[in-house]
Amino acid sequence: MAKNLSPDRWSLKEGVGAFIPWMGSYKTMRARNARTGVLFILPFIIGFCLFMVVPLIESIQFSLNDVTLVPGEGYSLSWNSFYNYRYAFTIDATFTQYLIDESGKMVINTIATLVMSFVLAVILNQNFKGRTLARAIFFLPVILSSGVLAGIESQSQTFNMLSAMSEEAANASGINISASLQSLLSISGVGSGIFDIIFDMIDAIYDIVMASGIQIIVFLSGLSAISPSLYEAADVEGCTAWEAFWKITFPMLSPLLLVNTIYTIIDFFMKNSNTVMEHINTLQNNSQYGQAAAQSWIYFAVALAFIGISSFIISKGVSSSEN
Amino acid sequence: MKTKDTSRANKAEHLSRTRRNSGYVLKSRIRKGTVSVLRALLLFGLCFMIIQPIISRIGVSLMTESDLYDSTIVLLPRHVTLENYKIVFDLTSFLRKDFPFLDSMLNTLWVSLVVSVLQALSCTLVGYGFARYSFPLKKFWFGCVVAMIIIPPQTISTALYANFNAFDIFGIFTALTGKPLNLLKSTIPYMLMSLTCMGLKDGLYIYMLRTYFQGIPKSVEEAAFVDGCSTMHTLVRIMLPDAVPTIMSCFLFSFVWQWTDLFYTRNFFKGINMYSTKLSTMYSQMARYFSKDANVSVVVSQAREQQLINIGVLICIIPLIILYVFTQKTFVQSIAMSGSKE
């Protein structure tokens, strides 16, 4: 009886019975339900084992071996004592360069995307005319910057010879605001390193907005879940809008910050336009399967490290702000 | 006369009220006005930034080649032509002369449809299983779903490629036909993967649907059980009708992302003409296309290349935008719902 009260504990007999039909116990309703549940997720289990676990193991093997595809028979492996990893770090001239570049870009982009989507969500949550339309437009990039479209946009250096042309025209007549501001500030000698980053961000604002569709929606949903009575109470107590933002809105949204950070990092790392991804794809097309596998594992490890670090920092920050 | 009086009286009252609350109402009204003007400016700017590329693409797509080099033309073409579209249609269905009209587009359409139906179906079942049943190792399997979201498909693509190059389950096919199957030329591998929740972004859909199904009160299920409703009946008659918007949105996401997907398409649909692969290789096709009449190779100017690519992108996104206009609510709402519980 006591056992039945804790829904997450299973005896070995029930556990076996849920996965293997002809063994174990399935007489109790709980056990039968468990079996139904397993049946429901069975497609996932099969798929995960066949198309995720097996390839993962093979991919680790690939990364440790010299791989040659034998037409009609699969592939053959020969151990080459971490040559692929050594290749990635010491022989491949571009890989480490790309990796460092992309990581740096990722950090800046993630921060910018989070700030941008946060601000936009706060704005879009207010009541004004045309709100639905504005929301619809801000969500459009989710569709328009996916897959092949994102790649094409970034590879066409003159994405829009038009914009390049207009920029030129603006330069000629001296009304390129960001450039002139930048030169002004650098002449006056204010810490140029940080300003460079900020100006890079401003120039990349199109990419940032294009990358923040889902994040805006997630923040918006969090905002609409905050009860308005909180703000009313704060207002009655003489809280200014600024204080209300930092004392109510920000803490209430901070759990979603973690979700959005992880989503942004993954999104950035998996983009086709990513130079590391392109590099790995090129290797694969050149039949350097071992090297490609090794490099994608290194890349994945880096991504995972970033996710780990950022979620550690954020969860620390969230818990401290709650205390 | 009378109205003038009342308006004057109103004004006086207004003034005295303002004096009485020492301008509080007036101030807050001014503040609100300023905020809304600033907000409108900011939103307009950003929205314009998102929309502008589409508009300029449409403009550029209608220009003749000479218009491209004319620096006085920015957005509106001087000589309107639809010739470019024909060229892009030809370029994207390069392989089949007998059916020159958008062969690859039709392929993309049916592949996206089939894949997204399969994905929505399997993810619904799996999400439902995760949300409504408890079974041993549930946390472990859900961890696997999350892992699937995080692991980039590129990590396993090489192995998958090799796997489908010589496909075999426990040596069955080798035993039957003497050698393993080569599935690289067919669409079967990817269909199998979508059916088993391993397709593009399937982890996300499982997550969304699970969050939705978790929100349904347990008592609904119990009432159905007491009234003698079977498991399948509970799912089909009680759970699914309410879940249609969420499932629809998974379907739509899957459709849209599959439509534009390059990674899986490039790896798994080598045998058939897909629009996204065509689009990404359009650069290399152009020189050959323009030189196919004469025997000299033609250098296509960069502006021209860009124009044709832009048209390709436009053709790709127009169906999606039309779809989005009609289903915008479904898209946004379900993400919002699943986000609120994350």
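Residues numbered from 1 in each chain as written. Chains lettered and ligands numbered in written order. Predicted model: local features only at pLDDT ≥ 70, side-chain atom pairs only at ≥ 80, totals over all residues. Heavy atoms only, no water.

Colleague: Looking at this structure, how should I read the environment of Thr 158 of chain B?
Modeller: Relative to the assigned elements, Thr 158 of chain B resides in helix H7 (residues 153–165). Separated by 100 residues in sequence, Thr 158 of chain B and Gln 258 of chain B have C-alpha atoms that sit 20 Å apart. Excluding anything up to four places from it in sequence, Thr 158 of chain B contacts Phe 62, Gln 284, Tyr 289 and Ala 292 of chain A. (Helix = DSSP H or I, 4+ residues; strand = E, 2+ residues; numbered from the N terminus. Contact = heavy atoms within 4.5 Å.)

Colleague: Explain the environment of Thr 110 of chain A to me, please; I cannot follow it from the model alone.
Modeller: Residues and elements named next belong to chain A. Here Thr 110 lies in helix H5 (residues 95–125). Given a relative accessible area of 6%, Thr 110 falls into the buried group. As for Thr 110 and Ser 212, which are separated by 102 residues in sequence, their C-alpha atoms are 9.6 Å apart. In contact with Thr 110, not counting residues within four places along its chain, are Thr 261, Thr 264 and Ile 265. (Buried < 20%, exposed > 50% of the residue type's maximum accessible area, 1.4 Å probe, protein only.)

Colleague: In this structure, what is going on with the interface of chain A and chain B? I would like to understand it.
Modeller: Size of an interface: often given as the accessible area lost when the parts come together. With 91 residues of chain A at the contact, the number on the chain B side is 92 residues. Both sides together, the interface formed by chain A and chain B hides about 8,200 Å², and carbon and sulfur atoms give 78% of it. Area buried by chain A at its contact with chain B is led by Phe 40, Phe 44 and Phe 51 of chain A, which between them contribute 10% of it. Where chain A meets chain B, there are zero salt bridges. Taken together, the links from chain A to chain B amount to three residue pairs in polar contact (both at pLDDT 80 or more). Looking at the side of chain A that touches chain B element by element, the count peaks at 23 residues for helix H3 (residues 29–64) of chain A. Of the residues belonging to the side of chain A that touches chain B, the class tally is 62 nonpolar, 22 polar and seven charged. (Buried area = accessible area lost by both parts, 1.4 Å probe. Salt bridge = Lys/Arg side-chain N within 4 Å of Asp/Glu carboxyl O. Polar contact = N/O pair within 3.5 Å; in protein donor to acceptor, adjacent residues only side chain to side chain. Nonpolar A, V, L, I, M, F, W, Y, C, P; charged D, E, K, R; others polar.)

Colleague: Would you mind showing me how to read a nonpolar patch on the surface here?
Modeller: Side chains of Leu 106, Leu 109, Trp 110, Leu 113 and Val 114 of chain B sit close together on the surface and give an oily, nonpolar patch of about 400 Å² of accessible area. Within the secondary structure, Leu 106 of chain B sits in helix H5 (residues 103–132). (Patch = residues over 30% accessible without salt bridge, like charges linked within 9 Å, V, L, I, M, F, W, Y side chains within 5 Å. Areas by Shrake-Rupley, 256 points an atom, 1.4 Å probe, with all protein chains shown as cover.)

Colleague: Can you walk me through the packing of helix H2 (residues 12–19) of chain A against H3 of chain A in this structure?
Modeller: Two quantities define a packed helix pair, namely the angle between the helix axes and the distance between the axes. All names here are of chain A. Orientation of H2 relative to H3, taken along the N-to-C sense of each, is 45°, at an axis distance of 8 Å. Looking at the two axes, H2 sits oblique to H3. When you trace H2 past H3, the crossing you get is right-handed. Two secondary-structure elements touch here, H2 through Glu 14, Gly 17, Ala 18 and Phe 19 and H3 through Arg 30, Ala 31, Ala 34, Arg 35, Val 38 and Ile 45. The residue makeup of the contact of H2 with H3, split by class, is six nonpolar, one polar and three charged. (Axes fitted to C-alpha atoms, helices over the stretch in contact; angles between N-to-C directions. Parallel < 35°, antiparallel > 145°, perpendicular 65-115°, else oblique. Left-handed = near helix turned anticlockwise from the far one by under 90°.)

Colleague: For this particular structure, what's the right way to read the domain arrangement of chain A?
Modeller: All names here are of chain A. Under the domain assignment used here, chain A contains domain 1 (2–81) and domain 2 (90–145 + 211–322). Together domain 1 and domain 2 conceal approximately 560 Å² of surface at their shared face, both sides included; 71% is due to carbon and sulfur atoms. When residues of domain 1 are sorted by the area they lose upon contact with domain 2, Ser 63, Val 67 and Leu 69 head the list and together hold 52% of the total. Linking domain 1 with domain 2 are zero salt bridges. Those elements that provide at least two residues to the side of domain 1 that touches domain 2 are H3 and strand E1 (65–70). Split by residue class, the side of domain 1 that touches domain 2 holds five nonpolar, three polar and no charged. (Domains from an automatic or database assignment.)

Colleague: Just checking my understanding: could you explain the packing of aromatic side chains for this structure?
Modeller: To describe a pair of aromatic rings, you give the distance between the ring centres and the angle between the ring planes. This structure, assessed with the given rule, holds 29 aromatic pairs over all chains. Residues Phe 269 of chain A and Tyr 299 of chain A carry aromatic rings whose centres are separated by 5.0 Å and whose planes lie at 70° to one another, so their mutual orientation is edge-to-face. Placement of the pair is Phe 269 of chain A in helix H14 (residues 241–270) and Tyr 299 of chain A in helix H16 (residues 289–322), with a sequence separation of 30 residues. The exposure class of Phe 269 of chain A is buried, given its relative accessible area of 3%. In textbook terms, an aromatic cluster arises when at least three aromatic residues are bridged by ring pairs, as seen for Phe 44 and Phe 48 of chain A together with Phe 130, Phe 135, Phe 142 and Tyr 207 of chain B. We note Lys 201 of chain B situated over the ring of Trp 257 of chain B; from NZ or CZ to the ring centre the distance is 4.1 Å. The lysine or arginine in question, Arg 210 of chain B, covers the ring of Phe 142 of chain B, its NZ or CZ lying 3.9 Å from the ring centre. (Phe/Tyr/Trp six-rings, centres within 6.5 Å; stacked < 30°, edge-to-face > 60°. Lys NZ or Arg CZ within 6 Å of the ring centre and 35° of its normal.)

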